[in-house]
Structures are given as structure tokens and as C-alpha cells.
Amino acid sequence: MKAAVTLGPGRISLEERPEPAPGPGEAVVRVEVVGVCGSDLHIFHGTHPYATFPRIQGHELAGTVAAFGAGYAGPLRLGERVAVEPLLACGVCYPCRHGRGNCCVRLAVLGAHVDGALTEAIAVPTGSLYPTGALSAELAALVEPVSIGVQAVTRGAITAEDQVVVFGAGPIGQAVTLAAVDRGARVLVVDKLPTRLALAARLGAERTAEADAGDLAAVVADWTGGDGPGVTIDAVGVPATIRACVDLVASAGRVVIIGLSEKEVSLPIIDFTRKELTILGSRNNAGLFGEAVALVGRHPERVAALITHRYPLAETAAAIAFAAEHPAEAEKVLIRVAD
Ligand SMILES: [Zn+2]
Ligand SMILES: [Zn+2]
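Residues numbered from 1 in each chain as written. Chains lettered and ligands numbered in written order. Predicted model: local features only at pLDDT ≥ 70, side-chain atom pairs only at ≥ 80, totals over all residues. Heavy atoms only, no water.

### Remarks on a nonpolar patch on the surface
Stage number 1. Together, I269, F272 and I279 make up an exposed nonpolar region whose accessible area comes to about 290 Å².
Stage number 2. On the basis of relative accessible area, I279 is assigned to the partly exposed category, the value being 34%. (Patch = residues over 30% accessible without salt bridge, like charges linked within 9 Å, V, L, I, M, F, W, Y side chains within 5 Å. Areas by Shrake-Rupley, 256 points an atom, 1.4 Å probe, with all protein chains shown as cover. Salt bridge = Lys/Arg side-chain N within 4 Å of Asp/Glu carboxyl O. Buried < 20%, exposed > 50% of the residue type's maximum accessible area, 1.4 Å probe, protein only.)

This is the structure in C-alpha cells:
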């Protein structure tokens, strides 16, 4: 079978690999569609903190079940379409013992720490498979990024009572927006790129604001009647947006941080107590993958609106390079492994 193998920074080659065989507790999934994620750009450019080479990338995948390991008794059926949760947790560390394998200290993510889905077939634990019913393969491949949004709104305890400001309208910011709108919250999205803000509005954002264009604090104050939003969410991961989350959130509000960065951020200590802030990190998802399948099923047109580009497996390098170089045009780029 063919696999797109990242050999080193900027180098992906299509190679022949042996077909996987399912071990006990595993299934082989015939891969249909793989989404390109921001973290894939980092791996491709050699700037990802965990990834090593050579590596088969790809952690946002949908496919059909092709084989089960010995002794599998159901409920999944051969040929069924599934979304794959790409997290392999150790099961014994502190977060794993507390139901939070999403931040396992030995977490392995498909396509980053171990080989992933940019190949024709992959063996994965049967417990990582979620049937997607009538969803298309493309929508099923979007369950994983949507699960990041579901986790963020769960961490932020967002309800229909909340006004939420989301920083960042890339695929993760859009997933957060969709998940918050699904809960009935009112959402204002901030991004530098007008094309991405237009998409956020299609996903249900009540208001959008261009970063760096005018006085954002005044816009947010106007939108919230002077209170500030109950929740601010960073899906950018730069010091300025995290600072803005803390500055803008209402007193007694919650700040949720999803963006990744090794940079440091400086915050006024007084705000932690003056506002009695709750600041929450959010990573992957903890037991919410099935909810993400359901969320995609409730909003198929909105999720499909995220898809901007499609490439075949043989053009994986071009797909990742395009996503990196054209953020205003490329929202979700998909690799169609099987047609
Ligand atoms: Zn991802
Ligand atoms: Zn663990």
C-alpha cells in the first residue's frame, strides 16, 4: 500500500509500505479522507515539539472498517464508516486515572508521536473507532477537529446564557464557534482575515471583529452592554491574544486557552483576584468524541463550509504547503486517500 512519509522538514515522499494486520483489540481501517491540521504544518516544517522523522502524518481521519483482530465480538461491523479518535493514552498516569487521558503524560497522538493516517490502511484500537452513520467521509474526517471545539466549550462550561469571544477563526476557532453556537451561546469572533470572519458568520457567529482594526475593547464593551463576555477563548496561541482574553473577559468570567505556543505571556497578577478569574487549558478531548460525531450530524452544512481544498494522497506535500502559505484561502484542506 502507499503511504505519504515525511522524511524530514519539507520533504514528503510517497512510499510503499506493508499492509497492516490487526492485533488483538485492534481493527484495520481503510482510510478514505484525512484532514490537514495546523499541527501537521508544524511537523512538516520541523517545528513540532514532539514529532520525529520519518513519520506518516495525519490524525483527522475517516475510513471504513476492513478487518478485526482475533476475538472481536462487536458492536462494529465490517465495512462500517468510522471516525478515529487519534489519542493513545497510557491508562495509568495521574490524568489517565482521573478520566483525562487527553492530557496523559505519555500521550501518543497518531500522526505525531506514532505513524498516522496518510496511508491507505491503518491498524488502531477498536475503542478508538466511532461509527458515523450517514455522514460522508469528508464530514466524518472533520469529527476530530470538531472534538477540540467540544472540549473547549465543555471546559468553559458554556451555556445558552453566555456571550463568548473567540480569538482565531482557523479550523479550531471555527469548531469552537460552532460548538458554542450549538449550545445556544452568543459568539463574537476575532481574526485578522476577513475571509475567515465571513466563514465564522456562516457558522453562526453573531458578530465578528477584525483584529488590529479599531478598538476591540470598545466593540466588545458595546456588544456586552459594558459587562465584558463571560467567556473568552484563545484559539491563536500568541501572547497578545491570551493577554486580550484576560483583559476583555468579564469579572468572574472564564478564559479557555487552546492555542499552542512555547512563548511566555505576561499578565497582571491583580486580575486573577480582582476578577476572580478561572483560567482553563483545553487539549484534545476527554470522552467527548461521540458528542463531536453528534454535533457534526446536527450541522452538516456548516461543517462542510469549512472545507476549502482537496488533494490526492500523492500531493500531500503540496496540500500542506498550500495550507501553510495561503491562510486566507485555506480553511480545512483535505487529503482524499480513497475515491
Ligand atoms: Zn489536529
Ligand atoms: Zn496516561
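### Brief notes about the coordination of the zinc ion (ligand 2)
Stage number 1. Surrounding the zinc ion (ligand 2) are the protein donor atoms C90 (SG), C93 (SG), C96 (SG) and C104 (SG), at 2.3 to 2.4 Å.
Stage number 2. Around the zinc ion (ligand 2) sit 4 donor atoms, and with donor-metal-donor angles ranging over 104 to 120° the site reads as tetrahedral.
Stage number 3. For the zinc ion (ligand 2), the donor residues sit on a single chain with the sequence spacing C-x2-C-x2-C-x7-C.
Stage number 4. A relative accessible area of 28% places C90 in the partly exposed class.
Stage number 5. Taking relative accessible area as the criterion, C96 reaches 15% and is therefore assigned buried. (Donors = N, O, S within 2.8 Å, 3.2 Å for Na, K, Ca; no water. Tetrahedral: all angles 85-135°; square planar, octahedral: opposite > 155°, others 65-115°.)

### With respect to the environment of G91
Stage number 1. With respect to the helices and strands, G91 occurs in the loop between β7 (87–88) and α2 (94–97).
Stage number 2. G91 sits 10 residues away from G101 along the chain, and the two C-alpha atoms are 6.9 Å apart. (Helix = DSSP H or I, 4+ residues; strand = E, 2+ residues; numbered from the N terminus.)

### Observations regarding the side chain of H59
Stage number 1. Its place among the elements puts H59 in the loop between β4 (55–56) and β5 (60–68).
Stage number 2. Not counting chain neighbours up to four residues away, the residues in contact with H59 comprise C37, S39, D40, V84, P86, V109, L110 and E144. (Contact = heavy atoms within 4.5 Å.)

### Side note on the coordination of the zinc ion (ligand 1)
Metal coordination angles have textbook ideals: 109.5 degrees for a tetrahedral set of four donors and 90 or 180 degrees for an octahedral set of six.
Stage number 1. Only C37 (SG) and H59 (NE2) from the protein reach the zinc ion (ligand 1) as donors, at distances of 2.1 to 2.3 Å. Of this pair, C37 sits in the loop between β3 (26–36) and α1 (38–44) while H59 sits in the loop between β4 and β5, and the two are 22 residues apart along the sequence. The same class applies to C37 as to H59, namely buried.

### Focus on the environment of G38
Stage number 1. By secondary structure assignment, the location of G38 is in helix α1.
Stage number 2. Separated by 132 residues in the primary sequence, G38 and G170 have C-alpha atoms spaced 8.8 Å apart.

### Examining the sheet that holds β4
Stage number 1. Reading across from one edge, β2-β1-β4 is the order of the 3 strands in this open sheet, with antiparallel pairing throughout. With partners counted over all chains shown, the strands left at the sheet margins are β2 (11–16) and β4, one partner each.
Stage number 2. Judged from the 6 bridges that link them, strand β1 (residues 2–8) and β2 form a sheet pairing that is antiparallel. Looking at the pairing, T6 lines up with I12 of β2. (Pairing = 2+ DSSP bridges.)

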